[in-house]
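Topology and contacts: notes
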Amino acid sequence: MGNGLVNVRDQKFVLFEQIGIDKLFKSEKFGDYTLDDANMMLGEAEKLSVNVMEPTYAEGDKEGCTFVDGKVKVPACFHDAYKKICEAGWNCAPRDPEVGGQGMPLSLFTACSELFNAANYPLMMYPGLTCGAAALVEKFGTPEQRKKYMEPMYSGEFGGTMGLTEPGAGSDVGALRTKAVKQADGTYLISGTKMFISSGDHDLTVNNIHAVLARIEGDPAGTDGISIFIVPKVMVNDDGSLGEPNDVITGNIEHKMGIKGSATCTLNFGEEDKCYGELLGRERQGMAIMFHMMNEARLEVGMQGLGVASAAYEHALDYARERIQSRSILEMTNPEAKAVTIIEHPDIRRTLLWMKSYVEGIRALNYFVTYAFDQAEITSDKTEKKKWDGIVELLTPVCKAFSTDKSIEICSYAMDVYGGYGYCSEYPVEQYLRDAKITTIYEGTNGIQSLDLVGRKLAQNRGQNLKNIFAEIGKTAAAAGADPELQLLGASLGKAAQAVGGVTLQFQDWAEGSSILLAILNARPFLDVFGDLLVGWQLVQGAQVAAAALQKNYAEAGAQTQAQRRAFARNNSEAAYYEGKVASARYFTSTILPTIKGRCLGIQAGDRTPLEMLDVSFG
Ligand SMILES: Cc1cc2nc3c(=O)[nH]c(=O)nc-3n(C[C@H](O)[C@H](O)[C@H](O)COP(=O)(O)OP(=O)(O)OC[C@H]3O[C@@H](n4cnc5c(N)ncnc54)[C@H](O)[C@@H]3O)c2cc1C
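Remember, it's a predicted structure, so these values are computed and weren't measured experimentally.

**Here we look at the overall build of the protein**
What the protein contains, in helices and strands, is 19 helices and 14 strands. Relative to a compact globule of 619 residues, whose C-alpha radius of gyration would be 25 Å, the protein shows 25 Å and is just as compact. With respect to the principal axes defined by its C-alpha atoms, the protein has extents near 85 × 60 × 55 Å. Counting the 619 residues in the protein, one finds 56% classified as buried. For the protein, restricting intrachain contacts to residue pairs at least 6 apart in sequence, the fraction spanning at least 24 positions comes to 74%. About 26500 Å² of surface is accessible on the protein, with carbon and sulfur atoms providing 53% of the total.

Here it is, written out as structure tokens:
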């Protein structure tokens, strides 16, 4: 069923059976799409990921990026793959056809993106960042800027970056020191240093367009005083031809734990006081504008985490089916017994099911949030739009942080399944684990995502966004509870929702005065229980759809008893798949969701020790 990277059957289940993205195809915006098109595009994405991108994954890691004579080179094998990504239009597939995209629903593109990220996400970062930066020019640029910069970015001729971080300004973007000075012709001279800039310099494209945050001389400190500028690596003439190099110097590239094929650069702007920049949008609107790119990028980083986790799970599963080691525990005293494949050992089976249920639940959650994004795009009803936008706002930090936190655990468990072989670079899981780690850090650390969730998102829209999600979870729990086969799953989901709901009230209390510090202190544990609840919700919803499909399958096959059903499913891939869906939800609701109550009690205990203990007592 798998292609070794992603379970495409499960992708299709979530898109077409659980969410039903074909509802989008009735709208004017996505009216040109059909289910056949969606299937075809997923098939094309799968072919590209398996045949073109994945074969460069290990090689890209081994060769890495180099910095010689001030120039950055990406791994040689990335060039052809990058060309093919752009030729097929995957670099900007979700953008409108008028600007060179394919007008693809974000939910469908997200599924394709899972395949690309599973295959080689360090490579995918080059077109991904370009697409995000070009969208800023599309949305906020002048017609001239769109022609000069956006068009060649969307075609893949130019690259693009997001330039926020500086040596003294990481999480605290407002502390940035990069300066912009207005010139008589309306352009700006930019000076300062940005560090850790992904795709900051490379040899895949003839030019690189940096979206740079800077403060115009005299503007106020903090985020309110920040503006955003288009800063080309090479100047672009009005007729689109390339001019002189701009005063943007690559200082260095980072030598790092993972994503070695992705160039992480220090960029020095204006060392010779000649760095040309154009204002994007209006002055002091820099943060608001950059947030358009950041919100999309946060969802994409969640998908990077999921992609790597998917691939790690698929590899671990294949390995567990092949590796022979130890006799069955039930045959331990029988010296004649043969060793079995490790998938027969209970601990490996539990580990695999833990990984499977998280991969599937996180997949469904991420696809659902991008589906909400699509719904907000197509509806003309203001209330509906507010509802869908609210879901995206509320759940974006969870998609980013929870998906990536779990990705690390999934990759680590994949390595455990491989035993010592997993730790060795001959097998791919050690690269997955190394590559996955940065996803918890960049695009706003997961700690910062938790603060965003608790500090801003819970109370947004007077708490209505949160209430809407709880209402949906309640509906799923009630429907499952009414089904004799899924009753326990529904009950478990209902109890978990009640526990998390209690904590949100506690947060309200803390935030409204009793102790804002306790709310901040418990933000990360809260994101963790909320993430588990959301994954449980998605899994139970999936189990309902799968159970209904199974009933039909079994009825058609005349399989009535448990034994007949098991015999049928053993030889029928569809029934086997649906049984697996119900198993994921059963396992998750039996073993993970019940832990939520205890963890919520831990939060509500309001323990202040980390706040009150002496700094010197940390050791
Ligand atoms: C490989 C790589 C690629 C990157 N790509 C880009 C890119 O393309 N563009 C770009 O602009 N940046 C990029 N970054 C930078 C990245 O986004 C930052 O590293 C990240 O935002 C954290 O900033 P920092 O490293 O300065 O850590 P710090 O901000 O110093 O944070 C250190 C720790 O303190 C915590 N912390 C900080 N402030 C608070 C607070 N108020 N409350 C609670 N905890 C807090 C953080 O969560 C973190 O755990 C990249 C980084 C790397 C390593």
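**What to know about the environment of phenylalanine 67**
Mapping phenylalanine 67 onto the fold places it in strand 1 (residues 66–68). Residue class for phenylalanine 67 comes out partly exposed when judged on its relative accessible area of 27%. C-alpha separation for the pair phenylalanine 67 and alanine 263, spaced 196 residues apart in sequence, amounts to 9.4 Å. Beyond its immediate sequence surroundings of up to four residues, phenylalanine 67 is in contact with Val72, Thr250, Gly251, Asn252 and Ile253.

**Thoughts on the packing of helix 8 (residues 346–378) against helix 15 (residues 523–557)**
Here helix 8 crosses helix 15 at 90°, and the two axes come no closer than 8 Å. Here helix 15 runs roughly perpendicular to helix 8, going by the angle between their axes. Across from Ser357, Tyr358, Glu360, Gly361, Ile362, Ala364, Leu365 and Phe368 in helix 8, the residues of helix 15 making contact are Asp532, Leu534, Val535, Trp537, Gln538 and Leu539. Residues that form the contact of helix 8 with helix 15 fall into these classes: 9 nonpolar, 3 polar and 2 charged.

**Let's talk about the site of the ligand**
Around the ligand sit 17 residues in total, of which Thr165, Ser171, Phe196, Ser198 and Thr445 are the nearest. Between methionine 162 and the ligand, the recorded distance is 2.9 Å, taken from a backbone N or O atom to a nitrogen atom. Here an oxygen atom of the ligand sits 2.7 Å away from a polar atom, N or O, in the side chain of serine 171. Taken by itself the ligand offers 970 Å² of open surface, and the protein chains cover 61% of this.

**A short note on helix 5 (residues 106–140)**
Over its 35 residues, helix 5 extends only 20 Å from the first C-alpha to the last, a length that falls short of the 51 Å expected when each residue adds 1.5 Å. At asparagine 120, helix 5 shows its strongest bend, of approximately 120°, with the proline proline 122 following within four residues. Counted residue by residue, helix 5 has 32 buried out of 35 residues, so it is predominantly covered.

Cut-off values and rules
- Residues numbered from 1 in each chain as written.
- Predicted model: local features only at pLDDT ≥ 70, side-chain atom pairs only at ≥ 80, totals over all residues.
- Heavy atoms only, no water.
- Helix = DSSP H or I, 4+ residues; strand = E, 2+ residues; numbered from the N terminus.
- Rg over C-alpha atoms; globule rule 2.2 N^0.38 Å.
- Buried < 20%, exposed > 50% of the residue type's maximum accessible area, 1.4 Å probe, protein only.
- Contact = heavy atoms within 4.5 Å.
- Areas by Shrake-Rupley, 256 points an atom, 1.4 Å probe, with all protein chains shown as cover.
- Axes fitted to C-alpha atoms, helices over the stretch in contact; angles between N-to-C directions.
- Parallel < 35°, antiparallel > 145°, perpendicular 65-115°, else oblique.
- Nonpolar A, V, L, I, M, F, W, Y, C, P; charged D, E, K, R; others polar.
- Near = heavy atom within 4 Å.
- Polar contact = N/O pair within 3.5 Å; in protein donor to acceptor, adjacent residues only side chain to side chain.
- Expected span 1.5 Å × (residues − 1).
- Bend = angle between axes of the 7 residues up to and from the residue.

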